[in-house]
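Next come the chains, spelled out residue by residue.
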Amino acid sequence: MGSRPHDLPMPVTAAGREGLDALLRSPRRSVVALDFDGTLAEIVPDPDQARAHPGAVPALAALAPQVASVAVVTGRPAGVAVRYGGFAGVPGLEHLVVLGHYGAERWDAVTGIVHAPAEHPGVAAVRAELPGFLDAIGAWRGTWIEEKGQALAVHTRRASDPAAAFEALREPLAELAARHGLMVEPGRSVLELRPPGMDKGVALSEYLAETGAEAVLYAGDDLGDLAAYSAVEKLRTEGLPGLLVCSGSAEVPELSSRADLVLPGPAEVTGFLSLLAAALAGRA
């Protein structure tokens, strides 16, 4: 094992420490992959108001030139994540990649272009049906629909009992999604109806194979990040070291219980990335 800077938070698992050591030893062959909402940006009542933590872009700009790649893996449309993150045109982020809609879309900073598939016909059908559907089952109070282009999300955070509203909608929305060839992705007080076939695990695995990565750090905060966690855990059994970071722990214990390192939220994730950038710079 290589030596680690004392000011870097240490993973609590042997696998996580091995992943961090591999990244520190060989940063140019390592990928740092990060969720957006809840990891780089605070969770807010209105997702349209979410913005990257003020320290996120400087931290990423310091870190990105020292590693093989930084990838933001998000359920948001890629272009929206770029705008809300403030990633475009930032020196140091020339090779940042945003994998949007769970990898169905891709934005590369080097070109500034979003590559996206044609819309799934089920999304258009659900878009037309969803308002009346929610009204018919009496679920309008405290819930609202977020338009995501390639997907639609129903939020319950504003309901008087967000958890109860979330659970009450799980089965009806799963049935609606299945009727139109879609799937439901649960999150923190949100249920997203989207096309099947892609998730953060698939997106991350494919990107790591594309880049030839020999180590990976993945940070997330939500149920949608479990697939990426599973992908990293599988890769570790195949010899590729990985570090799993959880942003926050109270709302999603399913994630924090599997993490190698738990940080309280986006401010601390940003701080960790800054420390990591400084540690790598000190070794250059």
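You'll find the structure just up there.
Values in this document were obtained by computation on a predicted structure and should not be read as measured data.

Novice: Can you walk me through the nonpolar core in this structure?
Specialist: Formed by 44 residues in total, the largest nonpolar core has its most connected members in Phe87, Leu217 and Leu273. A total of seven residues in this core trace back to one element, the largest contributor, which is helix H9 (residues 266-283). Counting 25 residues, the second-largest nonpolar core is a separate cluster that includes Ala203, Leu208, Val216 and Leu235.

Novice: Hey, could you run me through helix H6 (residues 200-211) in this one?
Specialist: Because each turn of an α-helix spans 3.6 residues, side chains separated by three or four positions in sequence point in the same direction. Given a rise of 1.5 Å per residue, twelve residues ought to cover 16 Å, and the 16 Å separating the end C-alpha atoms of H6 matches this to within 8%. Residues of H6 that are buried: Lys200, Gly201, Ala203, Leu204, Tyr207 and Leu208. Seen from one end, H6 has its buried residues packed into an arc of 165°, which puts them on one side. The outward face of H6, more than 90 degrees from its buried face, is lined by the exposed residues Glu206, Ala209 and Glu210. Along its buried surface, H6 packs onto strand S1 (30-34), strand S2 (69-73), strand S3 (97-100), strand S4 (105-108), strand S10 (215-220) and helix H7 (226-237). A side-chain oxygen of the first residue of H6 lies 2.9 Å from the backbone nitrogen of Gly201; this N-cap is Asp199. Phi turns positive, to about 70°, at Gly212, one or two residues after H6.

Novice: For this particular structure, what's the right way to read the packing of H6 against H7?
Specialist: A pair of packed helices can be characterised by two numbers: the angle between their axes and the separation between those axes. As a packed pair, H6 and H7 sit with axes 6 Å apart at the nearest point and diverge in direction by 45°. On the basis of their axis angle, the class for H6 and H7 is oblique. Both H6 and H7 take part in a crossing whose hand is right-handed. Taken together, the residues of H7 that come into contact with H6 (itself represented by Lys200, Gly201, Leu204, Ser205 and Leu208) are Ala227, Ala228, Ala231, Val232 and Leu235. In terms of residue class, the contact of H6 with H7 is made up of seven nonpolar, two polar and one charged.

Novice: Can you help me understand the sheet that holds strand S8 (residues 183-187) in this one?
Specialist: Within a sheet, adjacent strands bond to each other through the backbone by hydrogen bonds, running parallel or antiparallel. Within the open sheet, the four strands sit side by side as S6-S7-S9-S8. Their pairing is antiparallel. Both edges of this open sheet fall to strand S6 (144-147) and S8, since each of them pairs with a single strand only. For this sheet the average axis-to-axis angle between neighbouring strands, irrespective of direction, equals 25°. Across five bridges, S8 lies against strand S9 (residues 190-194) in antiparallel orientation. Directly across from Met183, in S9, lies its bridge partner Arg194. This element, helix H5 (residues 162-179), spans strand S7 (152-155), S8 and S9 of the sheet and lies at about 5° to S9.

Cut-offs and rules
- Residues numbered from 1 in each chain as written.
- Predicted model: local features only at pLDDT ≥ 70, side-chain atom pairs only at ≥ 80, totals over all residues.
- Heavy atoms only, no water.
- Core = buried A, V, L, I, M, F, W, Y, C linked by side-chain atoms within 4.5 Å.
- Buried < 20%, exposed > 50% of the residue type's maximum accessible area, 1.4 Å probe, protein only.
- Helix = DSSP H or I, 4+ residues; strand = E, 2+ residues; numbered from the N terminus.
- Expected span 1.5 Å × (residues − 1).
- Arc of directions from axis to C-beta.
- Contact = heavy atoms within 4.5 Å.
- Polar contact = N/O pair within 3.5 Å; in protein donor to acceptor, adjacent residues only side chain to side chain.
- Axes fitted to C-alpha atoms, helices over the stretch in contact; angles between N-to-C directions.
- Parallel < 35°, antiparallel > 145°, perpendicular 65-115°, else oblique.
- Left-handed = near helix turned anticlockwise from the far one by under 90°.
- Nonpolar A, V, L, I, M, F, W, Y, C, P; charged D, E, K, R; others polar.
- Pairing = 2+ DSSP bridges.

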